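Here is how the chains run, residue by residue.
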Amino acid sequence: MQFDCNGKILDLSRPQVMGVLNVTPDSFSDGGDFFSPEKAVARALEMEAQGAAIIDIGGESTRPGAEAVSVGDELERVVPVIEALQLRLSVPISIDTQKPEVMRAAVAAGAGLINDVNALRADGAVEAAAECAVPVCLMHMRGDPRTMQADPRYDDVVTEVRDFLLERAAVCERAGVPASRIMLDPGFGFGKTVEQNLALLAGLERFSDTPYPVLVGLSRKSMIGRLLGLDLSERLPASLALAVMSVERGARLVRAHDVAATWQALQMCIAVKEAVKE
Ligand code: 8Y7
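Only a predicted model underlies this, so the values are computations on that prediction, with no experimental measurement involved.

## What to know about the sheet that holds strand S8 (residues 182-185)
Read from one edge to the other, the open sheet built from 8 strands follows the order S8-S7-S6-S5-S4-S3-S10-S9, with strand pairing classed as parallel. Pairing within the sheet leaves two strands with one partner each, and these edge strands are S8 and strand S9 (215-217). The sheet shows a mean angle of 25° between the axes of neighbouring strands, taken without regard to direction. In terms of strand pairing, strand S7 (residues 136-139) meets S8 through 4 bridges, oriented parallel. Bridging across to S8, Met 139 finds its partner in Asp 185. Along the sheet, helix H1 (residues 37-49) makes contact with strand S3 (16-22) and strand S4 (54-58), crossing S3 at roughly 170°.

What follows is the structure, given as structure tokens:
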């Protein structure tokens, strides 16, 4: 379960944390905070010191209702940060993008994983990912960020999300991305109601019989706000509970904003799991 991310290793033999670094003026939970390259670099180094095994850099907000960003703007936001971080970080950098041009430029600048909330469905994205020869995370999204929360319906959300991701993985493998470079993500909050998100998490173990490790992103998401009536800044305890439940159901990589706390929670999961083995 070791991923070669453009020369840096991501070891998923145990659960790990992916730290979120948004370099956008308008992101869902920390938009604007790390918009300058200097601040972004400092934040990435801090997350590495707090235990992040990989840093996910995104230049396009995917929050519900967000507007699209041009290729040029996205490149201008992410490439300088990746270049500045590449030599200073020991952990790999992930590029959160849907655009093949950004994938290519980010990997050329040193990124080692492509995190695509659109599961490489953009024109040319699968080919770009295959040529980049780095691991990919394929995420499920129903619709697009502008419209995805308008009455999403599923007969069986776990089966439909799983089938979609396995189909996308098959497309990638046919295009030359080996199975050993693919991760799957059910895409919590991307075209799902609160009830559908809960059902997906309850059924997460159904992803464990695939050859692909599972990444989850639940940190600070609006399902917590809806269920508990909490603002963004108040969602850490519930985010940790969801992270632990995901790992208990087989998730290998947890995407999180609060890296120190999330890594502490996962280390306790790991400690308990290892006690059973001995
Ligand atoms: C996810 C994600 C976001 C997620 C993966 C947010 C970019 C919204 N969520 N990528 N990105 N999985 N793989 O709340 O759940 O951070 S953006």
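## Considerations on the packing of aromatic side chains
Considering all chains together, one arrives at 0 aromatic pairs under this definition. Taking NZ or CZ as reference, Arg 142 lies 4.0 Å from the ring centre of Tyr 154, over its face.

## A look at the packing of helix H3 (residues 100-109) against helix H4 (residues 125-132)
Direction vectors running N to C along H3 and H4 enclose 10°, while the axes themselves pass 8 Å from each other. In terms of axis orientation, H3 runs roughly parallel to H4. Of the two possible hands of crossing, H3 and H4 adopt the one that is right-handed. On H4, the residues that touch Pro 100, Met 103, Arg 104 and Val 107 of H3 are Ala 125, Glu 127, Ala 128, Glu 131 and Cys 132.

## Overview of the environment of Ser 90
Assignment of secondary structure puts Ser 90 in the loop between helix H2 (71-86) and strand S5 (93-96). Among the residues examined, Ser 90 registers a relative accessible area of 56% and is labelled exposed. Linking Ser 90 and Asp 123, residues 33 residues apart in sequence, is a C-alpha distance of 32 Å.

Thresholds applied
- Residues numbered from 1 in each chain as written.
- Predicted model: local features only at pLDDT ≥ 70, side-chain atom pairs only at ≥ 80, totals over all residues.
- Heavy atoms only, no water.
- Pairing = 2+ DSSP bridges.
- Helix = DSSP H or I, 4+ residues; strand = E, 2+ residues; numbered from the N terminus.
- Axes fitted to C-alpha atoms, helices over the stretch in contact; angles between N-to-C directions.
- Contact = heavy atoms within 4.5 Å.
- Phe/Tyr/Trp six-rings, centres within 6.5 Å; stacked < 30°, edge-to-face > 60°.
- Lys NZ or Arg CZ within 6 Å of the ring centre and 35° of its normal.
- Parallel < 35°, antiparallel > 145°, perpendicular 65-115°, else oblique.
- Left-handed = near helix turned anticlockwise from the far one by under 90°.
- Buried < 20%, exposed > 50% of the residue type's maximum accessible area, 1.4 Å probe, protein only.

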